[in-house]
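One-letter residues, chain by chain:
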Amino acid sequence: MTDHRPSPLLKSQRFRQAREEDWRRLERLMDKAEKGSAAKLTDAEILAIPVLYRSTLSALSVARETSLDQGLIEYLETLATRAYFFVYGSRATLQDRLSDFFSSGWPSAVRSLWRETLISAALMALGAIVAGWLVVHEPEWFYAFVPAELAGGRDPGASTETLRATLGGHDSADGLSAFAAFLFTHNAQVALLAFALGFALCLPTGLLILYNGATLGAFVALFATRGLGVELGGWLLIHGVTELFAVILAGAAGLRIGWAVAFPGSRGRLDAAMEAGRTAGVAMAGVVVMLMLAGLLEGFGRQLISDTGLRYAVAGASGLIWAVYFYAPRAARHAR
């Protein structure tokens, strides 16, 4: 008896001929979209892509079940994958992503960390107050918080006039450029470590923020006891408002992760840490931006602006800008 059943190759050819026009059309649309011309797709073409995608998936399923030739199956798999990323994948441009990050993503992440931000700020303030009090009552405590090699002679043994001379706006006056560079580098390292070590149940993060505050408090106390507190405040805050706020936010991000690990609730620790990490990671990306801006203010503002009143004005303006940027947009968006 003669077997009249079609061969697998013939079945594959018939299958391809019946549907190939749709596949070719989907392939042309994918080529057009992937070459950066997605914006030029017509409404009809955009609406056709999901339909053609589902048709291709159906054909791929049939091809697999009926064991058609492997070349056809691989072709359909590749085409379906390309269409999938167009239909379900993100097609936002880099400009769109950056715009979304700065307009909503970063501020929203910072607002959601408000409790941790308050705790981080309180820890820094506590470190500064305790170290400052100790230095005021016993100047030798200064060396416990600011190593002598980093102070560079700007320590309790220096005269008031020597300390005053370091607050000028130019490096030629042998100002605090060396200490300023150290302070910025130190703060950046503390910020990154405070975030990175947050998973260790908050403790290292809290200690780093305390220590950062103590270093600052000891330095401020030294100048304050010589009647130079106001001048030093202007010198520090012109970039310190942005820089220290960045450290506080980094500490808040680390505390969020550490708290989630320590108290995951009904979720697993890994799931809790991952969820906290998404918010903390967005906030930390913004912290890097803040540190870059602080570096510019430290490098240019401190050198170009020597008037104490103007320095405070710049510091106040930067603080107001950050407050409005992070905390005012919520009400503005809800009002629409």
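Structural notes, computed from the coordinates. (Residues numbered from 1 in each chain as written. Predicted model: local features only at pLDDT ≥ 70, side-chain atom pairs only at ≥ 80, totals over all residues. Heavy atoms only, no water.)

Here's the deal with the overall build of the protein
For step 1, the next point in the chain: What the protein contains, in helices and strands, is 14 helices and zero strands.
For step 2, the next point in the chain: Counted over contacts in the protein with a minimum sequence separation of 6, partners at least 24 positions apart contribute 76%.
For step 3, the next point in the chain: Element-wise, carbon and sulfur atoms account for 64% of the exposed surface of the protein, whose accessible area totals about 18000 Å². (Helix = DSSP H or I, 4+ residues; strand = E, 2+ residues; numbered from the N terminus. Contact = heavy atoms within 4.5 Å. Areas by Shrake-Rupley, 256 points an atom, 1.4 Å probe, with all protein chains shown as cover.)

Quick look at the nonpolar core
For step 1, the next point in the chain: Judged by nonpolar contacts, the single largest core of 45 residues is most densely connected at Phe 142, Phe 223, Val 287, Met 290 and Phe 326.
For step 2, the next point in the chain: Secondary structure elements with two or more residues in this core: α4 (94-112), α5 (114-137), α6 (142-145), α9 (177-196), α10 (203-224), α11 (229-262), α12 (269-304) and α13 (308-327).
For step 3, the next point in the chain: Tallying contributions element by element places α11 first for this core, with ten residues.
For step 4, the next point in the chain: Setting aside chain neighbours within four positions, we find Phe 142 in contact with Val 135, Ala 151, Arg 154, Asp 155, Pro 156, Ala 218, Phe 219 and Leu 222. (Core = buried A, V, L, I, M, F, W, Y, C linked by side-chain atoms within 4.5 Å. Buried < 20%, exposed > 50% of the residue type's maximum accessible area, 1.4 Å probe, protein only.)

Focus: the packing of aromatic side chains
Any pair of aromatic rings gets described here by the distance separating the centres and the angle formed by the planes.
For step 1, the next point in the chain: Counted by the stated rule, this structure contains 17 aromatic pairs.
For step 2, the next point in the chain: With 6.0 Å between their ring centres and 65° between their planes, Trp 106 and Trp 322 make a pair best called edge-to-face. Taken together, the residues Trp 106 in helix α4 and Trp 322 in helix α13 connect sequence positions 216 residues apart. Pair check on accessibility: Trp 106 and Trp 322 agree, each one buried.
For step 3, the next point in the chain: Considering the side-chain rings of Phe 142 and Tyr 143, the 5.8 Å spacing of their centres and the 90° angle between planes classify their relative orientation as edge-to-face.
For step 4, the next point in the chain: The exposure class assigned to Tyr 143 is partly exposed, which follows from its relative accessible area of 32%.
For step 5, the next point in the chain: The rings of Phe 101, Phe 102, Trp 106, Phe 245, Trp 322, Tyr 325, Phe 326 and Tyr 327 are connected pair by pair, giving a single aromatic cluster. (Phe/Tyr/Trp six-rings, centres within 6.5 Å; stacked < 30°, edge-to-face > 60°.)

A few points about the packing of α4 against α13
Packed helices, taken two at a time, are described by the angle their axes make and the gap between the axes.
For step 1, the next point in the chain: Look at α4 against α13: their axes get within 8 Å of each other, and the N-to-C directions meet at 95°. Put simply, α4 runs roughly perpendicular to α13. For the pair α4 and α13, contact is made by Phe 102, Trp 106, Pro 107, Val 110 and Arg 111 and by Trp 322, Tyr 325, Phe 326 and Tyr 327, respectively. (Axes fitted to C-alpha atoms, helices over the stretch in contact; angles between N-to-C directions. Parallel < 35°, antiparallel > 145°, perpendicular 65-115°, else oblique.)

Side note on α11
For step 1, the next point in the chain: Relative to the 50 Å expected for 34 residues at 1.5 Å per residue, α11 spans just 41 Å between its end C-alpha atoms, considerably shorter than the ideal helical length.
For step 2, the next point in the chain: Maximum bend of α11: about 60°, positioned at Gly 240. (Expected span 1.5 Å × (residues − 1). Bend = angle between axes of the 7 residues up to and from the residue.)

Here we look at the packing of α4 against α5
For step 1, the next point in the chain: Taken N-terminus to C-terminus, the directions of α4 and α5 make an angle of 65°; their axes are 5 Å apart at the nearest point. With respect to α5, the element α4 is oriented roughly perpendicular. The residues of α5 that touch α4, namely those facing Val 110, Arg 111 and Ser 112, are Trp 114, Glu 116 and Thr 117.

Notes on the environment of Val 110
For step 1, the next point in the chain: Mapped onto the secondary structure, Val 110 falls in helix α4.
For step 2, the next point in the chain: Look at Val 110 and you get buried, because its relative accessible area is 1%.
For step 3, the next point in the chain: The residues touching Val 110, leaving out its near neighbours within four places in the chain, are Thr 117, Leu 249, Phe 326 and Tyr 327.

Brief notes about the side chain of Arg 256
For step 1, the next point in the chain: Examined against the element boundaries, Arg 256 turns out to sit in helix α11.
For step 2, the next point in the chain: Side chain to side chain, Arg 256 and Glu 116 meet in a polar contact 2.7 Å long.
For step 3, the next point in the chain: When sequence neighbours within four positions are dropped, the list of residues in contact with Arg 256 reads Ser 112, Leu 113, Glu 116, Ala 276 and Thr 279. (Polar contact = N/O pair within 3.5 Å; in protein donor to acceptor, adjacent residues only side chain to side chain.)

Quick notes on a nonpolar patch on the surface
For step 1, the next point in the chain: Together, Leu 293, Leu 296, Phe 300 and Leu 304 make up a nonpolar patch on the protein surface, roughly 430 Å² of accessible area in all.
For step 2, the next point in the chain: Relative to the helices and strands, Leu 293 is located in helix α12. (Patch = residues over 30% accessible without salt bridge, like charges linked within 9 Å, V, L, I, M, F, W, Y side chains within 5 Å. Salt bridge = Lys/Arg side-chain N within 4 Å of Asp/Glu carboxyl O.)

Observations regarding the pattern of salt bridges
For step 1, the next point in the chain: One pass over the structure, following the stated rule, counts eight salt bridges.
For step 2, the next point in the chain: A salt bridge links Lys 32 to Glu 45; its shortest N-O distance comes to 3.5 Å. Here Glu 45 lies in helix α2 (residues 43-65) and Lys 32 lies in helix α1 (residues 8-37), a separation of 13 residues in the sequence.
For step 3, the next point in the chain: With its nearest N and O atoms 2.7 Å apart, the salt bridge here joins Glu 77 to Arg 64.

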